[in-house]
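One-letter residues, chain by chain:
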Amino acid sequence: MDPVVLYTVRNSVAEIELNRRDSKNALDASMYMLLAETLGKAERDPEVRVLLIRGQEDMFCAGNDLKDFADETGPGTKPALALMDAVQSLKKPLIAAVAGPAVGIGTTLLYHCDVVYAAENARFGMPFVALGVCPEFGSSRLAPLSAGYRTAAEAILFAEQFDADYAVRAGIVSRIVPALELLGYARARAEKLASMPRAAVLESKKLLKNHSFRDMPAVFREELAVFDALLESDDARRSIAAFLNRKKS
Ligand code: COA
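Residues numbered from 1 in each chain as written. Predicted model: local features only at pLDDT ≥ 70, side-chain atom pairs only at ≥ 80, totals over all residues. Heavy atoms only, no water.

(A) Structural view of the packing of aromatic side chains. Evaluation of the coordinates by the stated rule reveals six aromatic pairs. An angle of 85 degrees between the planes, with centres 5.0 Å apart, marks the rings of Tyr-117 and Tyr-185 as edge-to-face. In this pair, Tyr-117 sits in strand S6 (residues 115–119) while Tyr-185 sits in helix H8 (residues 182–194), placing the two residues 68 residues apart along the sequence. Looking at Tyr-117, the relative accessible area reads 4%, which means it is buried. Given a relative accessible area of 26%, Tyr-185 falls into the partly exposed group. (Phe/Tyr/Trp six-rings, centres within 6.5 Å; stacked < 30°, edge-to-face > 60°. Helix = DSSP H or I, 4+ residues; strand = E, 2+ residues; numbered from the N terminus. Buried < 20%, exposed > 50% of the residue type's maximum accessible area, 1.4 Å probe, protein only.)

Next comes the structure, spelled out in structure tokens:
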């Protein structure tokens, strides 16, 4: 079986492909751990200057694996925290190429990417409230910061899906690209960034992140304490079971 995260390095760019296609690249415990390890590997690799994360042409990531949330003895949010800490500690630039659905942590991850390219078919959503839980991965701070409070509050409280145009307005996506050109475009941009003065890129990223991302690890933990408590509620259990059983009736 292919690994659920694929890793290749070409022209100083580490390409990290989510590869759990039968679950729309939903992240279960082992995939979170592998993705966190892979990001760390790219960060340490002296050959790598830029990271590019992607799914396939019709899917980016369906968020946390809801089966893990439904399983009372399951891993809960701990594996997600390993990914959050790995992303937060990246000093090298992280670019995302998004096509198809990007849901839950598939969207909130994008707040931590330095540049996000989206295909016209990309669909985003932060369905936390509809699932009976709350925003995670720093999105309670980063969504209002990126979109303004009112736009962010509407996206989070109503928990509705939105398209790439809206995602640009909400400060989640840098640029929309025709679907067939997405990967080539994102690779070319990653290679261009990899060819730019190394120290200037790293220092500039650090300055860009300095203020708005301050204390982020504490924000992750504060959000997840609320998230974990809500996950125990009847509302959350019912909503998650409804998704998992939706094809059975
Ligand atoms: N956890 C576990 N399995 C998931 C999943 C998730 N988050 N998202 C999708 N899957 C599985 C589906 O159960 C389905 O499995 P099956 O073929 O065994 O029935 C398969 O992936 C394909 O999903 P499907 O819903 O049929 O594809 P779609 O193209 O119609 O819709 C999504 C794609 C991502 C919009 C939809 O699957 C979805 O809304 N997923 C849940 C997203 C979510 O709420 N994530 C958690 C946020 S905290």
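From this point, the discussion proceeds with the structure in view.
(B) Quick peek at the sheet that holds strand S5 (residues 101–103). Overall, mixed pairing links the three strands, which are arranged S5-S7-S8 in an open sheet. On the outer flanks of this sheet lie S5 and strand S8 (162–163), each paired with one strand and no other. As defined by bridge partners, strand S7 (residues 123–125) adjoins S8 across two bridges and the pair is classed as antiparallel. Across the sheet, Phe-124 pairs through a bridge with Phe-162, a residue of S8. (Pairing = 2+ DSSP bridges.)

(C) Fine view of the side chain of Asn-19. Secondary-structure assignment places Asn-19 in the loop between strand S2 (13–18) and helix H1 (29–44). Among the residues examined, Asn-19 registers a relative accessible area of 10% and is labelled buried. Within the structure, the side chain of Asn-19 is placed 2.9 Å from the backbone oxygen of Pro-3, a separation counted as a polar contact. Not counting the four nearest positions on each side in its chain, Asn-19 is found in contact with Asp-2, Pro-3, Val-4, Val-5, Leu-6, Asn-25, Met-31 and Gln-56. (Polar contact = N/O pair within 3.5 Å; in protein donor to acceptor, adjacent residues only side chain to side chain. Contact = heavy atoms within 4.5 Å.)

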